[in-house]
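Summary of structural features
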Amino acid sequence: MKIANVRDNIIVTVPITLRVDYSTTAHQDGSFFIPNERYYFMPTNIKQPTTIEQQIEQLKSRGMIINDESDIYRWLSTVGYYRLSGYWWMYEERYPECVPRKHKFKKDTSWDQVKHTYIFDQKFRRLISTGIEKIEVAVKASWAQYLATHYNTSHPHEDSSIFHKQVCEPSTIKGISTSFDLLVQAYQNSKERFALHYKTKYPTINTPPIWVSSLLLTLGELLNWMKGIKKRPDKKAIFANSPFDYKPMQSVLNNLRWVRNVCAHNGRLWNKRTPFVFVPIKDIDSRLIKSSSNNNELDSKIYNTIIAMAEILKTIDPDYPFIYFIKDLIIHSKYINPKLMGFPDDWEVLPEWKNPSPLPRHVIAKKEKRNKRRSKRK
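These numbers were taken from a predicted model, which means no experiment stands behind them.

Further remarks concern the pattern of salt bridges. Applying the stated criterion across every chain, the model contains 15 salt bridges. Residue Asp121 is joined to Arg125 by a salt bridge in which the shortest nitrogen-to-oxygen separation is 3.0 Å. Placement of the pair is Asp121 and Arg125 together in helix H4 (residues 111-150), with a separation of four residues, close to one helical turn. Residue class for Asp121 comes out buried when judged on its relative accessible area of 0%. Of the charged contacts in the structure, one is a salt bridge between Asp317 and Lys134, with a shortest N-O distance of 2.8 Å. Taken together, the residues span a long stretch of sequence, with Asp317 in the loop between helix H12 (302-316) and helix H13 (322-331) and Lys134 in helix H4 at a distance of 183 residues. In this structure Asp317 comes out as partly exposed when scored by relative accessible area, which is 22%. The exposure class assigned to Lys134 is partly exposed, which follows from its relative accessible area of 25%.

Dropping the structure here:
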């Protein structure tokens, strides 16, 4: 056994098999706790760091075809082995099984496939992020506009007759923050010019007017404020211009909250399953994919999120060609199998994918030019 003191924490390095007495609590992951001490167990078989050259040799030994080592060297240096491993996992023989993970690649798997899968996901996240931004901004605007004008006040979010107290008032429990507390903190910490203006001109207010406060909220915090509204008619009114009722809209927004965070942190999205599946939506039920294990629930892949987003975006920005952009990206990307995103086998012949609407302006312009040429020939 080796013992080292690192910044007053005791690091204990021992073989994997550890005998402990009744006063020591051991865990399956190898960690253990000794009363009155701060011990951290570092197993001797933990993976050791490797050089880029060693990483390349390891990938080659596992069956990956690498034709340009300078290219993969640059990617491993600037992106990282572990981040990229999420993109070559689908090319392993045992995918999607994780245990035991043999790391052997399927026959003819190449670095080119992995690289283009990563590039696709980058572009896909940008499209999804743009759509979520439009939806988030629109919901915040509707929330602020309706409550301010309906109740004729600049601060409806501080009124306990409109919101539940555990949302719109300071917390009475130490260590637990309410939505109000988080908003006050965001306002106090903000260096935005609008926040500085209000803090200077109105130094006694806890939070700025609701139309300013909405700019300080994350999507997750906005959802908490939505849920904290007391009256059902208020919730319905806020989503009056949305394609779905307030309950499915809140459920979709919760799904988008998770998706947005994945995008914000540059995580893998395209073939991932979300832990926050939204509820079935009657208005678009026939277009959504059901879970293979439970027909009463929706599949957790990104396809259903795309369909729900497209429907919402039609009411927010009717000229935004969201579905066209998604389709165009998929069909012009190498090696991408949309089934791994939850797409049905016949997705390309489905009405919304076969003839996506609206079209981008440049596509409309090309069609108009083509039609003019044809009319001249006639």
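Past the structure itself, the notes keep going.
It is worth spelling out helix H3 (residues 81-88) at this point. Taken across its eight residues, H3 has six buried, putting it largely inside the fold. Within H3, the full set of buried residues consists of Tyr81, Leu84, Ser85, Gly86, Tyr87 and Trp88. In the core, the buried residues of H3 are packed alongside helix H1 (52-61), helix H2 (69-78) and H4.

For the peptide bond that leads from Tyr95 to Pro96, omega is 5°, which places it in the cis range. When you line up the elements, Pro96 lands in the loop between H3 and H4. Residue Ser357 is joined to Pro358 through a cis peptide bond whose omega torsion reads 5°. Within the secondary structure, Pro358 sits in the loop between helix H14 (351-354) and helix H15 (361-377). A positive phi angle, near 70°, is found at Tyr335, a position not held by glycine. As for its position among the elements, Tyr335 is in the loop between H13 and H14. Taking the relative accessible area as the measure of exposure, Tyr335 reaches 37% and is therefore partly exposed.

Further remarks concern the packing of aromatic side chains. One pass over the structure, following the stated rule, counts 20 aromatic pairs. Where Trp89 meets Tyr95, the ring centres are 5.0 Å apart and the plane angle is 85°; that geometry is what we call edge-to-face. Within the aromatic cluster, the residues linked to one another by ring pairs are Trp75, Tyr87, Trp111 and Tyr118. In this arrangement the basic side chain of Lys199 is found over the ring face of Tyr187, its NZ or CZ atom lying 5.8 Å from the centre. Geometry around Phe276 places Arg257 over its ring, the cationic atom sitting 4.8 Å from the centre.

Reading guide: rules and limits
- Residues numbered from 1 in each chain as written.
- Predicted model: local features only at pLDDT ≥ 70, side-chain atom pairs only at ≥ 80, totals over all residues.
- Heavy atoms only, no water.
- Salt bridge = Lys/Arg side-chain N within 4 Å of Asp/Glu carboxyl O.
- Helix = DSSP H or I, 4+ residues; strand = E, 2+ residues; numbered from the N terminus.
- Buried < 20%, exposed > 50% of the residue type's maximum accessible area, 1.4 Å probe, protein only.
- Contact = heavy atoms within 4.5 Å.
- Phe/Tyr/Trp six-rings, centres within 6.5 Å; stacked < 30°, edge-to-face > 60°.
- Lys NZ or Arg CZ within 6 Å of the ring centre and 35° of its normal.

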